[in-house]
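Residue strings, one per chain:
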Amino acid sequence: ARAASPPKLVGHAMAVCKEEAKLVRLAGAAVLVDGFQFLREDVNLHVLTHFHSDHTVGLTRSFSAGTIFCTQVTAALITQLIGVDPARVRGLALDEAVALPGAGGVRMTLLDADHCPGSAVAVFEAPTLAAGADDGGGGGSAQRLVLHTGDCRASESMREGLRRWLAGRQVGELFLDTTYCDRRWNFPPQSVACEWLQDLTRAELAREPRTLFVVGSYQIGKERAVRAVAEVVDSPAHVEARRWRVLQLAHWGDARLPSGKSLWSRREEDCQVWMSTMASLSHEALEGILASVNGRFDAVVAFRPTGWSWAPKRMSAEGSSACKPWVGKSGRTRIYSVPYSEHSSYTELRALAEMLMPRRLIPTVNSETSVGKERVMRNLIGTFDLRADPERMDHYLGRADGVDEADMVDVLALSAKRGRALPRGGGTAHGVKRLHSEVVPCGWSSGVLRSGASGQPVDLDLTPPAPPLEPPRNSADTLPGRDGHSADFAFVDADADVVEVPDSDSDDVQQFPPAKQPLGQDDLQCVNLAQQQRLLQFYETDSRNSRAKVAFQTSKLKRKRGKKAKAGSKAVDSGRSSVLQLRFKSVPPKNVSSEQAPPCAGKPPRPRPPRALDARRGARGARAGRLAQGASET
C-alpha cells in the first residue's frame with residue numbers, strides 16, 4: 001500500500017541543559033559528566049560517556065580545563081577527529097577501576113552502556129567509611145555509589161553485567177537516561193528490530209531485485225541495523241570517508257558478513273547497501289541517489305531506524321508487517337520507519353531502576369522544566385528507595401513490602417521527649433526571649449498536649465490573645481495560669497532525657513524520667529468536653545459569617561448585572577426608534593410634486609449619530625446604532 005504522507009514521529013528527546021544533570025559530587029570531589037558547556041574553575045575532572053554530538057557540546061581542540069576520562073574508543077575519536085590534546089585525555093578499559101586524582105580517594109569504573117561503540121556507564125565509589133558512619137547521602141551505608149548512565153540501552157545483557165559488578169551494593173544516586181520514559185515506548189529489543197529489518201528487506205527484494213537499500217545513522221551508531229540489512233542482501237555497505245575513519249577507530253572496520261565479505265566498503269559500485277545520515281532520508285535525496293548510479297538500480301528503499309516510530313497497538317499485533325512504506329510520487333523510492341533504538345525502552349528503563357533501587361534519581365533527558373521532570377518521575381514511581389530522604393513519608397514508614405516494627409520510627413515517642421524548665425531567679429527579659437526561641441512547651445504524649453506538672457490535658461483558650469507577658473519577678477519563675485493560680489510549664493530539649501519541673505511548694509527541682517505511654521492508647525480519654533463545645537461553637541459562628549458574606553456578594557453581583565441589562569435594553573429601544581425616524585424622513589409625502597417637495601425628500605440629510613452609539617450604554621445599543629446608520633445611507 002502506498003502511504004500518502006510521511007509517518008508521524010510523535011516523540012522527541014531533549015537532553016537536560018542544566019548543570020544538575022551533569023555535575024556529580026561525592027566525598028568532597030566534583031566531576032562533570034558530559035558537561036563541557038558547564039566548565040568551572042573548581043572542577044578539573046571530566047568524564048565523556050560516548051562520542052555523540054549532543055554530549056560533546058563545548059569540547060574543542062583548545063580544551064585545557066583538566067583531564068577527560070573515557071573509554072579507549074572514545075579517547076581515539078576525540079583526539080583524532082576533534083583534535084583534543086592527548087595529554088588531556090585518559091582512555092580506560094571497561095571494568096577498570098581508577099582513582100581520580102585529587103578526589104579524596106574516589107574511584108571510577110566504566111561499564112558497558114550498550115548504546116554505541118565506545119559508550120560507557122560511569123560508576124563512582126566513595127572511600128569506605130567506618131561502620132555506622134553517614135556517607136552524606138542520608139543512607140548511612142558503609143560505601144556510597146553514584147552511577148551516571150549517559151546514554152544507554154538497558155538490555156538484559158547490560159543489566160546482568162551491571163548486577164554482577166555491583167555484587168549487592170546499593171546505588172546512592174542514579175543519573176538516568178530517560179529518553180523514552182513513558183509507558184507508550186515499549187518497543188521491542190534490538191534483536192527483534194533487526195529481524196523486522198531483514199523481513200522488510202526480503203520483501204522488497206522479492207518485489208524488485210534491483211533495489212538499492214539505504215540505512216540512516218549518526219556519526220557513530222546504528223551499525224547493527226546496517227549489518228542486519230547487509231546480511232540479507234549479502235553485500236558490503238558503502239560508507240563515506242569520515243564514517244570509514246570512525247569505524248576504524250571504533251574497532252568495527254574488520255567486521256565481516258557470514259559469507260566472508262567485508263561489511264564495509266568505500267566503492268559505491270560494489271555495494272547494494274549504503275549508509276547515510278538520518279537527515280538525508282527524503283524522497284528528493286533518494287531520487288538524486290537513483291540518478292547517480294547510472295541505471296544500476298531501479299528502486300531505492302530507505303530505512304529510518306528510530307524508537308520514535310513505535311506504534312504500540314498496530315506493531316504489537318502485526319510485527320514487521322505493521323511498518324508501512326512512505327512511497328514517493330514516482331513510485332521508485334520508499335522510506336520505512338522501524339522501531340530500532342539504541343536507547344532503553346520503557347520496560348527496560350523500569351527494570352534497570354528497580355534493579356538498582358537508588359536513594360535518589362536524577363533524570364537527564366526531557367526534564368528541563370519542572371513539569372517535564374514531574375512527568376518523568378511519575379513514570380518511575382516505586383523504582384527508588386525513599387527511606388533515606390527525611391522529607392518523604394517512606395523515611396518514617398519503612399519499606400512498603402513487609403514492614404518490620406524494628407524499621408519503624410515512633411514519631412510519638414520522639415515527640416514525648418521532655419527538657420528543662422525556665423531557670424530560677426534572676427531571669428531577665430533577654431534570657432526569657434532566648435529560651436522561648438530555643439524551646440517549646442513539652443508534654444506531647446500520644447498526640448495530646450499535657451501540662452508539665454500535673455499531666456492533665458491543657459485547654460485551648462479561644463479568646464483573643466493577651467498582651468505579651470513580662471518575665472516573672474518571683475524566684476519560682478512561674479507564669480499565671482487559670483483560676484488565678486500559677487501554672488508550671490516545662491520545655492522540650494531534644495538532647496535531654498529527663499524533665500525538670502519547678503515545684504510551687506518547694507525551691508527544689510524534681511527530676512523524673514518521661515512517662516512512657518503505650519503506642520496504641522486511646523486518646524479519647526483525654527478529651528475535654530467543654531473545650532470541644534467551645535471549638536464547635538467557634539466553627540459554627542465562623543461558617544455562619546462566611547455564608548452571610550457569600551450571600552451579600554451574590555446579591556451585589558445580581559444587582560450589578562440587573563443594571564447592565566436595563567441599560568442595554570434602553571439602548572436597544574433608542575436604536576429602534578432612530579431607525580423608524582430615518583425611514584420616515586427618507587420617504588417624500590404623498591400628493592406633493594418634486595418641485596414642492598422639501599429638500600430632504602430627494603436626498604435625506606445625514607442623520608445625527610443616535611445616542612445608542614455611545615459605548616457606555618452597552619454593546620447592544622452600539623450595534624443597533626450601526627444598523628440605523630446603515631439604513632439611512634441605503
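Just so it is clear, the model here is predicted, and its values are computed rather than measured.

Cut-offs and rules
- Residues numbered from 1 in each chain as written.
- Predicted model: local features only at pLDDT ≥ 70, side-chain atom pairs only at ≥ 80, totals over all residues.
- Heavy atoms only, no water.
- Helix = DSSP H or I, 4+ residues; strand = E, 2+ residues; numbered from the N terminus.
- Contact = heavy atoms within 4.5 Å.
- Areas by Shrake-Rupley, 256 points an atom, 1.4 Å probe, with all protein chains shown as cover.
- Patch = residues over 30% accessible without salt bridge, like charges linked within 9 Å, V, L, I, M, F, W, Y side chains within 5 Å.
- Salt bridge = Lys/Arg side-chain N within 4 Å of Asp/Glu carboxyl O.
- Lys, Arg positive; Asp, Glu negative; His and termini not counted.
- Charge placed at Lys NZ, Arg CZ, Asp CG, Glu CD.
- Buried < 20%, exposed > 50% of the residue type's maximum accessible area, 1.4 Å probe, protein only.
- Axes fitted to C-alpha atoms, helices over the stretch in contact; angles between N-to-C directions.
- Left-handed = near helix turned anticlockwise from the far one by under 90°.
- Pairing = 2+ DSSP bridges.
- Core = buried A, V, L, I, M, F, W, Y, C linked by side-chain atoms within 4.5 Å.
- Phe/Tyr/Trp six-rings, centres within 6.5 Å; stacked < 30°, edge-to-face > 60°.
- Lys NZ or Arg CZ within 6 Å of the ring centre and 35° of its normal.
- Parallel < 35°, antiparallel > 145°, perpendicular 65-115°, else oblique.
- Nonpolar A, V, L, I, M, F, W, Y, C, P; charged D, E, K, R; others polar.
- pLDDT = per-residue confidence, 0-100.

(A) Quick look at the overall build of the chain. Along the backbone of the chain there are 15 helices and 24 strands. Across the chain, the fraction of contacts at a sequence separation of at least 24, relative to all contacts at a separation of at least 6, is 66%. Surface accessibility of the chain: about 35,600 Å² in total, with carbon and sulfur atoms responsible for 53%.

(B) Region of the structure containing a positive patch on the surface. The grouping of Lys 556, Arg 559, Lys 560, Arg 561, Lys 563 and Lys 564 at the surface amounts to a positive patch. Looking at the secondary structure, you find Lys 563 in helix H13 (residues 529-586). A relative accessible area of 63% means that Lys 563 is categorised as exposed.

(C) Summary view of the pattern of salt bridges. The tally for this structure, following the rule as stated, stands at 19 salt bridges. Arg 169 is the salt-bridge partner of Glu 125, the closest N and O atoms lying 3.0 Å from each other. Here Glu 125, found in strand S8 (residues 120-125), pairs with Arg 169, found in the loop between helix H2 (156-166) and strand S10 (173-176); they are 44 residues apart in sequence, far enough to count as distant. Notably, a salt bridge pairs Arg 153 with Glu 348, separated by 2.7 Å at the nearest N-O pair.

(D) A look at the packing of helix H3 (residues 190-207) against helix H4 (residues 223-233). At a closest axis distance of 9 Å, the pairing of H3 and H4 adopts a crossing angle of 35°. In the crossing of H3 with H4, the sense of the turn from one axis to the other is right-handed. On the side of H3, the interface is formed by Gln 190, Cys 194, Leu 197, Gln 198, Thr 201, Arg 202 and Leu 205, while H4 contributes Arg 224, Ala 225, Ala 228, Val 229, Glu 231, Val 232 and Val 233.

(E) Summary view of the sheet that holds strand S9 (residues 145-148). Taken in spatial order, the six strands make up an open sheet running S6-S7-S8-S9-S10-S18, and their pairing is mixed. Because the sheet does not close on itself, it has two edges, and the strands there are strand S6 (97-99) and strand S18 (360-363). On average, adjacent strands in this sheet sit at an angle of 20° to one another, irrespective of strand direction. When S9 meets S10, the two strands line up parallel, connected through three bridges. Across the sheet, Val 146 pairs through a bridge with Glu 173, a residue of S10. In the packing of H2 onto the sheet, contacts are made with strand S7 (107-112), S8 and S9, and the angle to S7 comes to roughly 155°.

(F) Main features of the nonpolar core. In this structure, Val 229, Trp 264 and Phe 303 are the most contacted members of the largest nonpolar core, which totals 37 residues. The biggest single contributor to this core is H4, with six residues. With sequence-adjacent residues up to four places away left out, Val 229 is seen in contact with Leu 197, Thr 201, Phe 213, Val 215, Val 273 and Phe 303. Ala 154, Leu 166, Leu 349 and Met 377 belong to the second-largest nonpolar core, a separate cluster that totals 25 residues.

(G) Geometry of the packing of aromatic side chains. All told, the structure shown has eight aromatic pairs when counted by the stated rule. Summarising the aromatic geometry, the rings of Phe 36 and Phe 63 are spaced 5.8 Å apart at their centres and angled 85° between planes, so their arrangement reads as edge-to-face. Here the residue Phe 36 occupies a position in the loop between strand S2 (29-33) and strand S3 (45-47), and Phe 63 occupies one in the loop between S3 and strand S4 (67-71), the gap between them amounting to 27 residues. Each member of the pair, Phe 36 together with Phe 63, is buried. Ring centres 5.9 Å apart and planes at 70° place the aromatic pair Tyr 180 and Trp 185 in the edge-to-face group. Here Tyr 180 matches Trp 185 in class, with each residue buried. Site record: aromatic cluster; members linked through ring pairs are Tyr 180, Trp 185, Phe 187 and Trp 308. Across from the ring centre of Trp 165, 4.7 Å away, lies the NZ or CZ of Arg 169, which sits over that ring. Over the aromatic face of Trp 185 sits the side chain of Arg 184, whose NZ or CZ is 4.7 Å from the ring centroid.

(H) A look at the packing of H2 against helix H8 (residues 346-356). Relative orientation of the contacting elements H2 and H8 amounts to 10°, with a least axis distance of 11 Å. Our classification of the angle between H2 and H8 gives roughly parallel. Along its contact with H2, which presents Arg 159, Leu 162, Arg 163 and Leu 166, the element H8 presents Glu 348, Ala 351, Leu 352, Met 355 and Leu 356. Across the contact of H2 with H8, the residue classes break down as six nonpolar, no polar and three charged.

(I) Structural detail: the confidence of the model for the chain. Here the chain shows a mean pLDDT of 75. Residues at 70 or above account for 59%. Counted against residues more than four places away or in other chains, residues 582-587, with its pLDDT under 50, gives six contacts. Of the regions scoring below 50 in pLDDT, residues 589-602 engages in six contacts with residues more than four places distant in sequence or in other chains.

(J) Highlighting the sheet that holds strand S16 (residues 326-327). The strand order S13-S12-S14-S11-S15-S17-S16 describes an open sheet built from seven strands, whose pairing is mixed. This sheet does not close on itself; its edge strands, each paired only once, are strand S13 (264-265) and S16. Pairing geometry for S16 and strand S17 (residues 333-338), over two bridges, is antiparallel. Each bridged residue has a counterpart across the sheet, and for Trp 326 the counterpart in S17 is Ile 335. Across the face of the sheet, H3 comes into contact with strand S11 (211-217), strand S15 (299-305) and S17 while running at roughly 160° to S17. The strands touched by H4 within the sheet are S11, strand S12 (237-238), S13, strand S14 (273-277) and S15, with S11 carrying the most contacts at an inclination of about 165°.

(K) View of unusual backbone geometry. Phi is positive for Ala 167, which is not a glycine, with a value near 55°. Note that Ala 167 resides in the loop between H2 and S10. In this model, Asn 366 sits at a positive phi of 60°, which is unusual for a non-glycine residue. Locating Asn 366 in the fold gives a position in the loop between S18 and helix H9 (370-378).

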